[in-house]
Amino acid sequence: MLIALLPGDGIGPEVIREARRVLDAVCGDALSYEEALVGAAAYRAEGHPLPSATLDLAKRADAILFGAVGDPGCDGLARHLRPEQAILGLRKELSLFANLRPAKLFPELADASALRPEVARAIDLVIVRETNGDVYFGEKGMRTTPNGRRQGYDVMSYDEDEVVRIARVGFETARARGGKLCSVDKANVLETSQLWRDVVIEVSADYSDIALSHMYVDNAAMQLVRNPGQFDVIVTGNLFGDILSDQASMCAGSIGMLPSATLDAANKGLYEPIHGSAPDIAGQGKANPLATILSSAMMLRYSLGMAAEADRIEAAVAAALAAGHRTADLGGGTSTGAMGDAVLAAL
Ligand code: IPM
Ligand code: MG
């Protein structure tokens, strides 16, 4: 099976390197790899953040393992040339619409959570975030108002088919876990959200075994900090899911710990840590590779049918933490490579 390796920018190459070492140890020759440029690295070399060779490779591959994109040096570029467009383009071009972001606290990391340990320990949830629509992909631009003032605009919209398919992923995810689904929206203000809520309720007719609730996004942000243990699966739109998943990551210890999968309708997927390129620490061996290593485990489980191998990797990560290894984001001094070594040793 062919894996597209897209390391990207900043700490991306460092964390992908460690994930690759772990995959080699666990899967050996069962996987082959092709690497391609993406993000600012691709822009500098080829003038575009998602060159056609990279997109072709992503389409050909059985799964994609992605590091991170983003570079402050590109902030002045036209939007379609900025590194972030690479990940948005991959999600859109490959119809990767279902972004699964599990947040679970490793017991050893209770002290690293921004929450009190007794609150943090209860976190075990999955955010199912839609990633093909919403304000991310609506019409956008800059214009001048009649009185000569600059105005920026981004149109938020969902059509009902988009909501149906992500709602189904939410319900199915809940069915495979604790049987509870919380749909997050802003239906008290936004028409987009009213449609979202109406459609989620319609889809729920097929899932009478799932306990469905609804929450406004502001309340959800508050409840995630107050009592994260109340959530099992959260299903939400692109923008709200982006924000809530960063928040959930800090509740679960560190943004350096959280993996993600973004799947199409056939479970082909792109796997990436939820963190960004962290240019401030790039190249210093400080990055935590565990989110990427855990993303590679998700890849084995969801796209490649290698659940036993995924379990082995997750157990090795837990063992490395239990043995006391901590990168800087977790308050320790373990380097990126030494954390990779610790996972390999635990395998
Ligand atoms: C994420 C990131 C991306 C997003 C950026 C890099 C475009 O924040 O995957 O959460 O907003 O989706
Ligand atoms: Mg984000």
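Residues numbered from 1 in each chain as written. Chains lettered and ligands numbered in written order. Predicted model: local features only at pLDDT ≥ 70, side-chain atom pairs only at ≥ 80, totals over all residues. Heavy atoms only, no water.

Student: Please clarify how the site of ligand 1 should be interpreted in this entry.
Tutor: Residues in contact with ligand 1, as listed here, are Glu-84, Ile-87, Arg-91, Arg-101, Arg-129, Tyr-136 and Asp-242. At 2.7 Å from an oxygen atom of ligand 1 is found a side-chain nitrogen or oxygen belonging to Arg-129. With three residues, helix α4 (residues 84-93) is the largest single contributor of residues to the shell around ligand 1. A class-by-class count of the residues in the shell around ligand 1 yields two nonpolar, no polar and five charged. Two domains each provide a minimum of three residues to the shell around ligand 1, namely domain 1 (1-97 + 263-347) and domain 2 (114-251). (Near = heavy atom within 4 Å. Polar contact = N/O pair within 3.5 Å; in protein donor to acceptor, adjacent residues only side chain to side chain. Helix = DSSP H or I, 4+ residues; strand = E, 2+ residues; numbered from the N terminus. Nonpolar A, V, L, I, M, F, W, Y, C, P; charged D, E, K, R; others polar. Domains from an automatic or database assignment.)

Student: I tried to follow a negative patch on the surface on my own but got confused; where do I start?
Tutor: Judged by side-chain charge, Asp-159, Glu-160, Asp-161, Asp-198 and Glu-202 come together as a negatively charged surface patch. Counting only elements with at least two residues in the negative patch, the list comes to α6 (160-175) and α7 (191-203). One can find Glu-160 in helix α6. Glu-160 sits in the partly exposed class, given a relative accessible area of 48%. (Patch = residues over 30% accessible without salt bridge, like charges linked within 9 Å, V, L, I, M, F, W, Y side chains within 5 Å. Areas by Shrake-Rupley, 256 points an atom, 1.4 Å probe, with all protein chains shown as cover. Salt bridge = Lys/Arg side-chain N within 4 Å of Asp/Glu carboxyl O. Lys, Arg positive; Asp, Glu negative; His and termini not counted. Charge placed at Lys NZ, Arg CZ, Asp CG, Glu CD. Buried < 20%, exposed > 50% of the residue type's maximum accessible area, 1.4 Å probe, protein only.)

Student: Is there a simple way to think about the nonpolar core in this case?
Tutor: Here is a general trend for soluble globular proteins: nonpolar side chains tend to be buried in one another's company. Grouped together as the largest cluster of nonpolar side chains are 81 residues, with contacts concentrated most on Ile-3, Leu-23, Leu-31, Leu-65, Met-257, Leu-300 and Leu-321. Looking at this core, the element that brings in the most residues is helix α10 (residues 290-302), giving seven residues. Here this core spans two domains, and each of domain 1 (1-97 + 263-347) and domain 2 (114-251) adds at least three residues to it. Those residues in contact with Leu-321 that sit more than four places away from it in its chain are Phe-106, Glu-108, Leu-109, Met-257, Leu-290, Arg-326, Leu-330 and Met-339. Within the second largest apolar cluster, 22 residues are counted, among which are Leu-50, Leu-55, Phe-66 and Leu-270. (Core = buried A, V, L, I, M, F, W, Y, C linked by side-chain atoms within 4.5 Å. Contact = heavy atoms within 4.5 Å.)

Student: Explain the packing of helix α1 (residues 12-27) against helix α11 (residues 307-322) to me, please; I cannot follow it from the model alone.
Tutor: The description of two packed helices rests on the angle between their axes and on the distance between the axes. Relative to each other, α1 and α11 sit at 130°, their axes nearing to 10 Å. In this view, α1 runs oblique relative to α11, as classed from their interaxial angle. Our pair here, α1 against α11, has a crossing hand that is right-handed. Side by side, α1 and α11 meet where Val-22, Leu-23 and Val-26 of the first sit next to Glu-309, Arg-312 and Ile-313 of the second. (Axes fitted to C-alpha atoms, helices over the stretch in contact; angles between N-to-C directions. Parallel < 35°, antiparallel > 145°, perpendicular 65-115°, else oblique. Left-handed = near helix turned anticlockwise from the far one by under 90°.)

Student: Which parts of the structure should I look at to understand the sheet that holds strand β2 (residues 32-35)?
Tutor: Pairing is mixed in the open sheet, where ten strands are placed in the order β2-β1-β3-β12-β11-β4-β5-β10-β8-β9. Whereas interior strands pair on both sides, the edge strands pair on one side only; in this sheet they are β2 and β9 (211-216). Strand-to-strand, the axes of this sheet are offset by a mean angle of 25°, without reference to chain direction. Both strand β1 (residues 2-8) and strand β3 (residues 63-68) contribute to a ladder of five bridges, which runs parallel. Bridge pairing links Gly-8 to Ala-68 in β3. Strand contacts of α7: β5 (124-130), β8 (180-185), β9 and β10 (233-236), with the helix running at about 175° to β9, the strand carrying the most contacts. (Pairing = 2+ DSSP bridges.)

Student: What is the right way to read the pairing of β2 from this model?
Tutor: Each regular strand carries side chains that alternate between the two faces of the sheet. Two elements, β1 and β2, share four bridges in a ladder whose sense is parallel. Its bridge partner being in β2, Leu-2 is matched across the sheet by Ser-32. Handedness of the β-α-β unit built from β1, α1 and β2 comes out right-handed. (Right-handed = clockwise from strand over helix to strand, strands pointing away.)

Student: Before we go on, may I ask you to explain the packing of aromatic side chains in this structure?
Tutor: Two aromatic rings, taken as a pair, are described by how far apart their centres are and by the angle between their planes. Taken as a whole, this structure holds two aromatic pairs when the rule is applied. Relative to Trp-196, the ring of Tyr-158 has its centre 5.3 Å away and its plane inclined at 50°; by these criteria the two rings are tilted. Placement of the pair is Tyr-158 in the loop between β7 (150-154) and α6 and Trp-196 in helix α7, with a sequence separation of 38 residues. Consider the rings of Phe-171 and Tyr-207, whose centres lie 4.7 Å apart with planes at 10°: the pair is stacked. Here Phe-171 is found in helix α6, whereas its partner Tyr-207 is found in the loop between α7 and β9, with 36 residues between them in sequence. When the ring centre of Phe-137 is taken as reference, the NZ or CZ atom of Lys-92 above it lies at 4.7 Å. Residue placement shows Arg-143 over the ring face of Tyr-153; its charged tip is 3.7 Å from the ring centre. (Phe/Tyr/Trp six-rings, centres within 6.5 Å; stacked < 30°, edge-to-face > 60°. Lys NZ or Arg CZ within 6 Å of the ring centre and 35° of its normal.)

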